[in-house]
Amino acid sequence: MIGLISATAAGTAARDRLAAAWPDRTRVYEGPVGDAVRAAFAECEQLVCFLATGAVVRLLAPLLGDKTTDPGVVCVDEGGRFAVSLVGGHGGGANELAVEVGESLDAQPVVTTATDATGVAGLDTLGLPVEGAVAAVSRALLDGEPVVLDTEVSWPLPPLPVAAEGSHVIRVTDRAVQPAEHEVLLRPPSLVVGVGASKGAPVEEVLGLIEDALRDAGLSVRSLAELATVDAKSDEPGIVEAARRLGVPLVTHSAEELAAVEVPNPSDAPLAAVGTPSVAEAAALAGGGELLVPKRKSARADGHASMATCAVVRRPARGRLAVVGLGPGARDLLTPRAKAELRRASVLVGLDQYVDQIRDLLRPGTRILESGLGAEEERARTAVAEARRGQAVALVGSGDAGVYAMASPALAEASDDIDVIGVPGVTAALAAGAILGAPLGHDHVSISLSDLHTPWEVIERRVRAAAEADLVVTFYNPRSRGRDWQLPKALAILAGHREPTTPVGVVRNASRPDESSRLTTLAALDPATVDMMTVVTVGNTATRDIAGRMVTPRGYRWQEAAS
């Protein structure tokens, strides 16, 4: 919950705007400001104070304890011009909150945390447990000193400006080691513990077995990703409580799934009890990986038979491939989600001209793999190969990556051994439609006239179908120097089903500085004025030119009655 505090009429007005925008996330604190700040600090995860920063500093000073647990605090000035991240920039999420508040109130976010200001990924913002000399290593990164990245366990990290040699080290490891003087340990969630237990097994026995197994193997409990068991034990109290205390999810698998997993130590006992010859080892290995600790049983001080078993597996790192649509070219049509993925990726793959559009948004240390026109399949293979190496990869394309762009070849190349995230973008058709008016107000279709990958016979059949179905048609790749007859042919097909006066919108370089557009008709359009940077939108039989705008009626009954 976000606590909202104000003192003046102007501050209260801005406070109420934020409360109305975020009704489920915020709570307004009334009364004397000092009491309100103290109450909100104790009760909320974050605060937004519509007060002077000096006043908030004095009120917060006696309340501050630990930056890892204190709430994040954002101050908004009396004029609503700035949203200042004051306390808890990383740990309390104040930096992100300042950006959100700025977007909601049209205020400028002010973030002074050094890593955020310079674009370097903060070591305490990577989503992994972190130990060691965080401040010293972060300072080395900021000062440009050589910092070594030692990946004992491969994991998809955001870009870090690291070197081959240096006195400061970032080590990615799941081993139970202590950090050196100038070293930071990042703990990836790489360990899975499979657990089997008899009915009524005490949580202390289950938990003790897991902790002993990890300690004896020299593994860190902070890298534990999940406990895994068979469905029949999904509500076994000792296992459920052990997962809760360890702060990890309990994942279950059917007996049939586990029976199909090859294990080194099968047993008749679990086969008879739950229908699989292995629970602990099979559950740990169900997602693949390296068996680090074979099945072991708990030891009971009272001499009674063991009631729990466990096994430990290091699961393979799953690389991350984000297929990102950059939109039609304008920076303000690049979505916030796309920006976030660009900053998260340690490897960027894309066409050189698209990379140039967003190069300034990338974090320091991002590895850029760019190529020229005509290398789509090569880029897709490269991006998937990098993800399979455990990297965080962004594969970029214009418009929406799933529309005549990179998503199709990338997903055709990828398998289920990597995570794939699709990031939608504003398409050329949508950008052109907004410029023209509302040409896509009813059913519509996009057709590429490029026959480089699709035979013309197929393209022509699709154009005829769209013409006969009276669909609004947007033509991509309409004409180039080597392909100058396809557009006239397509327009002739449409002309067989539509009046010569049918509106046609022509938009070149939609949303870019040299954007141009015009509204003409099916009879008047000169194909020679069209090139590969142009989108041509042909209306259906209902499309009209209304006050210079191309409009396809939605077909509501009240519109018909009004006309």
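Look up a bit, the structure's there.
Quick look at the structure, then. Within any chain, residue numbers begin from 1 and follow the written order of that chain's sequence. It should be noted that, the model being predicted, local features are given only for residues of pLDDT at least 70 and side-chain atom pairs only at 80 or more, the latter also being counted only at that level, while totals for whole chains, interfaces and linings use all residues. Computation of side-chain values covers all heavy atoms of the structure but excludes hydrogens and water.

With that settled, the discussion passes to the environment of Pro 179. Tracing the sequence through the fold places Pro 179 in the loop between strand E9 (168-172) and strand E10 (183-186). With relative accessibility at 26%, the residue Pro 179 sits in the partly exposed group. Sequence-wise, Pro 179 and Leu 436 are 257 residues apart; in three dimensions their C-alpha atoms are separated by 61 Å. Those residues in contact with Pro 179 that sit more than four places away from it in its chain are Glu 131, Gly 132 and Leu 185. Under the scheme used here, helices are H or I runs from DSSP no shorter than 4 residues and strands are E runs no shorter than 2 residues, and both carry numbers assigned from the N terminus. For each residue, the accessible area found with a 1.4 Å probe, counting protein chains only, is set against the maximum for its type, and the residue is called buried under 20%, exposed over 50%, and partly exposed in between. Note on contacts: a residue pair is in contact if any heavy atoms of the two residues lie within 4.5 Å.

This part covers the sheet that holds strand E16 (residues 320-325). At least two bridges found by DSSP between two strands are what make those strands a pair. Pairing is parallel in the open sheet, where five strands are placed in the order E18-E17-E19-E16-E20. Looking at which strands have only one partner, the edges of the open sheet turn out to be strand E18 (367-371) and strand E20 (419-423). Strand-to-strand twist in this sheet, taken as the mean axis angle between neighbours without regard to direction, amounts to 15°. Sheet topology note: the E16/strand E19 (residues 392-397) ladder contains six bridges and is parallel. A fitted line through C-alpha atoms represents every axis, and for helices the fit uses only the stretch in contact; the resulting angles, taken between N-to-C directions, go from 0 to 180 degrees.

Another aspect to go through is the packing of helix H17 (residues 456-468) against helix H18 (residues 486-495). Their axes nearest at 9 Å, the elements H17 and H18 cross at an angle of 30°. Overall, the two elements H17 and H18 adopt an arrangement that is roughly parallel. Crossing hand, H17 versus H18: right-handed. When H17 is examined against H18, the residues Trp 456, Glu 460, Val 463, Arg 464 and Ala 467 are found in contact with a partner set consisting of Gln 486, Lys 489, Ala 490, Ile 493 and Leu 494. Only Asp, Glu, Lys and Arg are considered charged in this grouping, and only Ala, Val, Leu, Ile, Met, Phe, Trp, Tyr, Cys and Pro are considered nonpolar; every other residue, Gly among them, is considered polar. Looking at the contact of H17 with H18 residue by residue, the classes come out as six nonpolar, one polar and three charged. Geometric relationships in this document are graded by angle, where less than 35 degrees denotes roughly parallel, more than 145 denotes roughly antiparallel, 65 to 115 denotes roughly perpendicular, and other angles denote oblique. Working rule for handedness: look at the near helix, and if it is turned counterclockwise from the far one by less than a right angle, call the crossing left-handed; if clockwise, right-handed.

In this section: the sheet that holds strand E8 (residues 147-151). If you walk across this open sheet you meet the four strands as E7-E10-E9-E8, and the pairing is mixed. Looking along the sheet, the strands with just one partner apiece sit at the ends: strand E7 (130-132) and E8. The average angle at which neighbouring strand axes cross in this sheet is 20°, direction not considered. Two elements, E9 and E10, share four bridges in a ladder whose sense is parallel. Note on E10: the bridge partner recorded for Arg 171 is Leu 185. Running over the sheet, helix H6 (residues 134-143) touches E7, E8, E9 and E10 and is turned about 115° from E9.

Another aspect to go through is the pattern of salt bridges. Any Lys or Arg side-chain nitrogen found within 4 Å of a carboxyl oxygen on Asp or Glu counts as a salt bridge. Considering all chains together, one arrives at 32 salt bridges under this definition. The salt bridge involving Arg 15 is made with Glu 30; its shortest N-O contact spans 3.5 Å. A residue pair is termed long-range when its members are at least 10 positions apart, and Arg 15 in helix H1 (residues 9-21) and Glu 30 in the loop between strand E2 (26-28) and helix H2 (33-43) qualify at 15 residues. Residue Glu 341 is joined to Arg 320 by a salt bridge in which the shortest nitrogen-to-oxygen separation is 2.6 Å. Of this pair, Glu 341 sits in helix H12 (residues 336-344) while Arg 320 sits in strand E16, and the two are 21 residues apart along the sequence. The exposure class of Glu 341 is buried, given its relative accessible area of 9%.

It is worth spelling out the packing of aromatic side chains at this point. Geometry of aromatic contacts follows a simple scheme: Phe, Tyr and Trp rings, the Trp one being its six-membered ring, pair when their centres are within 6.5 Å, and the pair is stacked under 30 degrees between planes, edge-to-face over 60, tilted otherwise. Scanning all chains against the criterion turns up two aromatic pairs. Residues Tyr 404 and Tyr 476 carry aromatic rings whose centres are separated by 4.7 Å and whose planes lie at 50° to one another, so their mutual orientation is tilted. Taken together, the residues span a long stretch of sequence, with Tyr 404 in the loop between E19 and helix H15 (407-413) and Tyr 476 in strand E23 (residues 472-476) at a distance of 72 residues. Note on Tyr 404: relative accessible area 44%, which makes it partly exposed. Plain terms: the ring middles of Trp 456 and Trp 485 are 5.0 Å apart, the flat faces sit at 70° to each other, and that makes the pair edge-to-face. Here Trp 456 is found in helix H17, whereas its partner Trp 485 is found in the loop between E23 and H18, with 29 residues between them in sequence.

Our next topic: helix H16 (residues 428-436). Here H16 has its buried residues at Ala 429, Ala 431, Ala 432, Gly 433 and Leu 436. Gly 437 sits one or two residues past H16 and shows a positive phi near 140°.

At a minimum axis separation of 8 Å, helix H7 (residues 203-216) and helix H8 (residues 237-246) run at an interaxial angle of 55°. Relative to H8, the element H7 is oriented oblique. Viewed along their axes, H7 and H8 form a crossing whose handedness is right-handed. Contact with H7, carried on its side by Val 203, Glu 204, Val 206, Leu 207 and Ile 210, involves Gly 238, Ile 239, Glu 241, Ala 242, Arg 245 and Leu 246 of H8 and no other residues of that element. Grouping the amino acids of the contact of H7 with H8 by side-chain chemistry returns seven nonpolar, one polar and three charged.

Now for unusual backbone geometry. Within the chain, Asn 477 stands out as a residue other than glycine whose phi angle is a positive 45°. Here Asn 477 is to be found in the loop between E23 and H18. By relative accessible area, Asn 477 is classed as partly exposed at 22%. Look at Ala 547: it is not a glycine, yet its phi comes out positive at around 55°. By the element assignment, Ala 547 lies in the loop between strand E27 (544-546) and strand E28 (549-551).

A few words on the nonpolar core. Of all hydrophobic cores here, the largest spans 24 residues; its most connected members are Val 193, Ile 210 and Leu 227. Mapped onto this core, the elements with two or more residues apiece are strand E11 (191-197), H7, strand E12 (224-230), H8 and strand E15 (308-314). No other element matches H7, which puts seven residues into this core. In this structure Val 193 touches Ile 210, Leu 214, Leu 224, Glu 226, Leu 227, Ala 228, Ala 284, Cys 310, Ala 311 and Val 312, once residues within four positions along its chain are discounted. In this structure, Trp 456, Ala 467, Val 506 and Leu 525 belong to the second largest nonpolar core, which totals 21 residues. Grouping buried Ala, Val, Leu, Ile, Met, Phe, Trp, Tyr and Cys residues that are joined through side-chain atoms within 4.5 Å yields what is termed a nonpolar core.

Quick look at H7 now. What a helix is expected to span follows from its residue count: subtract one and scale by 1.5 Å. Taking 1.5 Å of rise per residue, 14 residues should cover 20 Å, and H7 covers 20 Å from first to last C-alpha, within 8% of that figure. Among the residues of H7, those classed as buried are Val 203, Glu 205, Val 206, Leu 207, Gly 208, Leu 209, Ile 210, Ala 213 and Leu 214. Looking at the packing, one finds that the buried side of H7 touches E11, E12, H8, strand E14 (290-297) and E15. The positive-phi residue at the C-terminal boundary of H7 is Gly 218, with phi of around 70°.

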